[in-house]
Structures are given as C-alpha cells and as structure tokens.
Amino acid sequence: MPEQHWPEVYKKLGVKPVINAQSWVTSLGGSLMRPEVLRAMDEAATAFVDMKELNRAAGEVVARACSADMGLVTAGCAAAEVLMAAACMTGIDESNVERLPNTDGLKNEVLLFKGQRNRYDGAFEIPGARIVEFGHGDSARPYHLESAITDNTCAVAYVMGPFIKRGLGLEKTIEIAHAHDVPVIVDAAAEIPPRENLSRFIKMGADMVAFSGGKGIGGPQSAGLLAGRQGLMEAAYLNSLNLDSPKAGIGRPMKVSKENLVGMVAALELYMDSDETAIIEGWRAKANYVARQLDGIDGLRVVIEDTPVDRQGPQPVIYFESDWNGPTPAEVRQKLADGDPSILVGGGGVGNEINIVMVNVQDGEEKVIVERLLEALH
Ligand SMILES: *Cc1c(COP(=O)(O)O)cnc(C)c1O
C-alpha cells in the first residue's frame, strides 16, 4: 500500500490524514483549496485594507456569480443562515439590528417544512427567531404552509440536501409565501456543483440563498456565500458587521477575515471558469474503477448513482442484499475507519448501503479504497 502523504504541520500535532470518501463534510475538513486560492490568501495577508470596502467589493463578485442584486461573503453557510433570519426580522432599521437577539415587537417566526429539519437549522434561531414547523415528516400540502403563515411570520425557509425531503418543492413554496408577502430564504449549502445552481434559485424567485464556500466551490472551509434581493441583503450587511455603529451586529462573532474574503473570491472565480464536465468525469472514472473491482460478489449489488441533490457526483453505491452473509454495512464502515489510513465512506441514505463519494477522493486513493474494502467485506 502506498505511503500516505502526512504533512509536517499535522505530523507535529500527531494528527493523521484520512481518506475522505464521505463528501464535503465539515467533520473531515470540507474540501482542498487550489494553489491559486492559497496564493491569493497569502497575498491578502500582506496589507491592511478598509474591511467595509473589501466586503462590498467581494460581495459584488458573489452577486454577479449568483445573478442577484447583492451578495456577501459569509463565514460559511450556517453563518449565512443566521444573517438571513436576522435580515428578515430587522429589515434595514438600525434600532432593530441593535436589539437582536431580543425580538420583542418584531416578526420572529421562520416557517420550515418538518421534513427539512436538519442539524444546521438551529442557525436560523441564533438571532432570536423561532422555527415553526409545518407539514408532516414526509410531505406537505399547500394548506399546511398557508395556515402556518401568521402576522408573526418573518420568512419561510427552504433547505436542500442529500435525503432531505422536498415537501412542496421550492417553486410552490415561493408561490405561496409571496402571495402572503413573506420572503423565502434558501439553504443550498452543498448544491454546487452544478454551477447553474448559483443563480437558479434566485431566478426561481427565492429572496435570499446561501451556499457553503468550502464544499464544491473549493474556497476556505470557514467561508460561504449569501446572495439575494437588495433590501434584505442591505439588512444582512447591517446585521453582519455594522462597522459604523457603536454596537456590532449579531453576525460579529462570524466575521470573515480579509484572507478568507479574498480566498473565497479567488475560489469562486476559478470555479466559474472551471471545466465542470471534466471534473465530474474524473469522479465518474474513479467510481467506475471501484464498481468494476467489486463486481460479481454474491449478495452485493454495486450501482453507479448520480441523482442530483441526494448523490453528490457519480459514485458507487454498494447495496447489501438479503442473500449477503458477510459483515453488516456498519461493521464494514467501522473497519475502514479503524484501519491505516483511516477511510471514511458515505453514511448512505436509504438503508442497507455504503456509498463512496468521489468528490474529495484524491488520485490513487480509489485503489486504496478498493483494497481495503475487499479486506473489510471478508
Ligand atoms: C454543510 C451544510 C450546512 C453548513 O454549511 P457550512 O458552510 O459548513 O456552515 C448547512 N446546511 C446544509 C444543508 C449543509 O449541507
């Protein structure tokens, strides 16, 4: 087995690198930044600038990429969720901005379809908002949303991600919310690629949309993008820093450094110019390699899946059939994680399966994954 690359900075801390076949997950470090991004960050670190000016300039790049009125680089998608909820509660009234997280007298309910509850949605509540669920766990009907909207509703949130339920769908959600003059805020953290998603949800009529910067775009892991309508975005700026006010906004603990701002812009521009088809075909080649090597094992069915939203890029999914009599998917996952190097694979989404996500698998690692999988399956 080839010697695993162990960067000195991690070696000094005694922390060993892992093989990430689990996707752009925060628990394994998001994604790797390209050399051009790192060079931009190095350069940014050599001078002082007016941070308000830099935020505005970086925001213009985000706005263009998302075809939105305005944009903002945030400290990740979860930070953007905080700012979206804050903006919908305060508007551009500075006395409201100063008051958060006290929401007395403000509309403070964020409606969210029950099937879209997720581990990040607490971010909507950080500025003092309260999530109010509608619909059932699996589905929602238009009247569920209509009857949940009250005088206290500040926004309807919509979340997209692997195995998160669609509910009414974004289009219908927007139609109903807008008929009641309520803005729609979208968490689309990991929906890039495809590139067209940067502008797709805005074009559908969403009022604000948030993406992670350190997932498919390849920016700093603690950066993200927020884009949307003028009035709400001005409100997000106020809540973000409020650099001119004696009191910092609710977003102050989520500030973005000049290095991360510049790195995020560099990553976004590189991503906009990248050959997305070639990148995806690279993932597919690795997926095909793994699937071929695992072909013909009794009781296992290996399929390349590439469904948008649920599967991030073409990937082999190993289904453990009823006639399989080896270790369970959980046992196989554990063996892979416990080995050297540690290999983390996808948690799956639909039951008795292991999925091997290729978006962060480095060249050659697919061979290590196959060797170790064949051992672990015995
Ligand atoms: C990753 C993710 C987040 C958090 O994004 P960060 O950029 O890490 O803050 C939020 N929501 C969903 C659905 C995600 O997948």
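Here, the structure is the one placed above.
Throughout what follows, the structure given in this document is the object of discussion. (Residues numbered from 1 in each chain as written. Predicted model: local features only at pLDDT ≥ 70, side-chain atom pairs only at ≥ 80, totals over all residues. Heavy atoms only, no water.)

1. Some thoughts on the packing of aromatic side chains
How two aromatic rings sit relative to each other is given by the distance of their centres and the angle of their planes.
Point 1. Per the stated rule, a full pass over the model turns up three aromatic pairs.
Point 2. Pairing Phe113 with Phe134 gives two aromatic rings, centres 6.1 Å apart and planes at 45°, and the pair type is tilted. Residue Phe113 is located in strand E3 (residues 109-113), and its partner Phe134 is located in strand E4 (residues 130-134); the two are separated by 21 residues in the primary sequence.
Point 3. Owing to a relative accessible area of 3%, Phe113 belongs among the buried residues under this scheme.
Point 4. Since its relative accessible area comes to 6%, Phe134 is described here as buried.
Point 5. Above the ring of Tyr271, the side-chain terminus of Arg195 is found at 5.8 Å from the ring centroid.
Point 6. Sitting over the ring of Tyr289, Lys367 keeps its end group 5.6 Å from the ring centre. (Phe/Tyr/Trp six-rings, centres within 6.5 Å; stacked < 30°, edge-to-face > 60°. Helix = DSSP H or I, 4+ residues; strand = E, 2+ residues; numbered from the N terminus. Buried < 20%, exposed > 50% of the residue type's maximum accessible area, 1.4 Å probe, protein only. Lys NZ or Arg CZ within 6 Å of the ring centre and 35° of its normal.)

2. Describing unusual backbone geometry
Point 1. The residue after Ile192, namely Pro193, is reached through a cis peptide bond having omega -5°.
Point 2. The residue after Pro193, namely Pro194, is reached through a cis peptide bond having omega 5°.
Point 3. Tracing the chain through its elements places Pro194 in the loop between strand E6 (184-187) and helix H8 (197-203).
Point 4. For Asp181, which is not glycine, the phi dihedral falls at a positive 60°.
Point 5. Relative to the helices and strands, Asp181 is located in the loop between helix H7 (170-179) and E6.
Point 6. The class of Asp181 is exposed, set by a relative accessible area of 72%.

3. A few points about the site of the ligand
Point 1. Taken together, Thr26, Gly76, Cys77, Ala78, Glu81, Tyr120, Met160, Asp187, Ala189, Ser212 and Lys215 are the residues near the ligand.
Point 2. In this structure, Asp187 approaches the ligand through a side-chain N or O atom, which is 2.6 Å from a nitrogen atom.
Point 3. Considered on its own, the ligand offers 380 Å² of accessible surface; in the complex 88% of this is hidden by protein.
Point 4. Counting residues per element, the shell around the ligand draws most heavily on helix H4 (residues 77-90), which supplies three residues.
Point 5. Considering only residue class, the shell around the ligand consists of five nonpolar, three polar and three charged. (Near = heavy atom within 4 Å. Polar contact = N/O pair within 3.5 Å; in protein donor to acceptor, adjacent residues only side chain to side chain. Areas by Shrake-Rupley, 256 points an atom, 1.4 Å probe, with all protein chains shown as cover. Nonpolar A, V, L, I, M, F, W, Y, C, P; charged D, E, K, R; others polar.)

4. Re the side chain of Asn20
Point 1. Here Asn20 lies in strand E1 (residues 19-21).
Point 2. In this structure the side chain of Asn20 is engaged in a polar contact, spanning 2.9 Å, whose partner is the backbone nitrogen of Gln22.
Point 3. Within polar-contact distance, the side chain of Asn20 engages the backbone oxygen of Ser23 at 3.0 Å.
Point 4. Dropping the residues within four chain positions of it, Asn20 is found in contact with Leu28, Gly30, Leu344, Val357, Asn360 and Val361. (Contact = heavy atoms within 4.5 Å.)

5. Considering the side chain of Glu191
Point 1. Mapped onto the elements, Glu191 comes out in the loop between E6 and H8.
Point 2. This buried residue, Glu191, is left without a salt bridge; Arg200 holds the nearest opposite charge, at 7.1 Å.
Point 3. For Glu191, the residues in contact, after removing those within four places along its chain, are Met160, Gly161, Asn197, Phe201 and Val309. (Lys, Arg positive; Asp, Glu negative; His and termini not counted. Salt bridge = Lys/Arg side-chain N within 4 Å of Asp/Glu carboxyl O.)

6. Comments concerning helix H13 (residues 365-376)
Point 1. Over its 12 residues, H13 runs 16 Å from end to end, which matches the ideal 16 Å to within 8%, given 1.5 Å per residue.
Point 2. Along H13, the residues that are buried comprise Glu365, Glu366, Val368, Ile369, Val370, Arg372, Leu373 and Ala376. (Expected span 1.5 Å × (residues − 1).)

7. A few points about the pairing of strand E8 (residues 224-228)
Point 1. Here E8 lies mainly inside the structure; five of its five residues are buried.
Point 2. A two-sided burial pattern is seen for E8, the buried positions comprising Gly224, Leu226 and Gly228 on one face and Leu225 and Ala227 on the other.
Point 3. For strand E2 (residues 70-74) and E8, the ladder comprises five bridges, and the chain directions are antiparallel. The residue bridging Leu72 from the neighbouring strand is Leu226, located in E8.
Point 4. Here strand E7 (residues 208-212) pairs with E8 via five bridges, running antiparallel. By the bridge assignment, Ala210 is partnered in E8 with Leu226. (Pairing = 2+ DSSP bridges.)

8. Digging into the pattern of salt bridges
Point 1. For the coordinates displayed, the defined rule picks out 18 salt bridges.
Point 2. Salt-bridge contacts for Asp121 lead to Arg117; the nearest nitrogen and oxygen are separated by 2.8 Å.
Point 3. The closest approach of N and O atoms between Glu353 and Arg311, which form a salt bridge, is 3.2 Å. Of this pair, Glu353 sits in strand E12 (residues 353-355) while Arg311 sits in the loop between strand E9 (300-305) and strand E10 (315-320), placing them 42 residues apart in sequence. Of the two residues examined, Glu353 and Arg311, each falls in the buried class.
Point 4. What emerges from the salt-bridge pattern is a single network uniting Arg117, Asp121 and Glu133.

9. Quick look at the sheet that holds E10
Point 1. The three strands lie next to each other as E9-E10-E12, forming an open sheet whose pairing is antiparallel. The strands lining the two open edges of the sheet, one partner per strand, are E9 and E12. Here the average twist between neighbouring strands, direction ignored, is 20°.
Point 2. Bridge analysis of E9 against E10 gives six bridges, and the strand direction is antiparallel. Bridging across to E10, Leu300 finds its partner in Phe320.
Point 3. Sheet strands in contact with helix H12 (residues 329-338) are E10 and E12, and its direction is about 35° off that of E12. (Axes fitted to C-alpha atoms, helices over the stretch in contact; angles between N-to-C directions.)

All we've got here are geometric facts, nothing functional implied.
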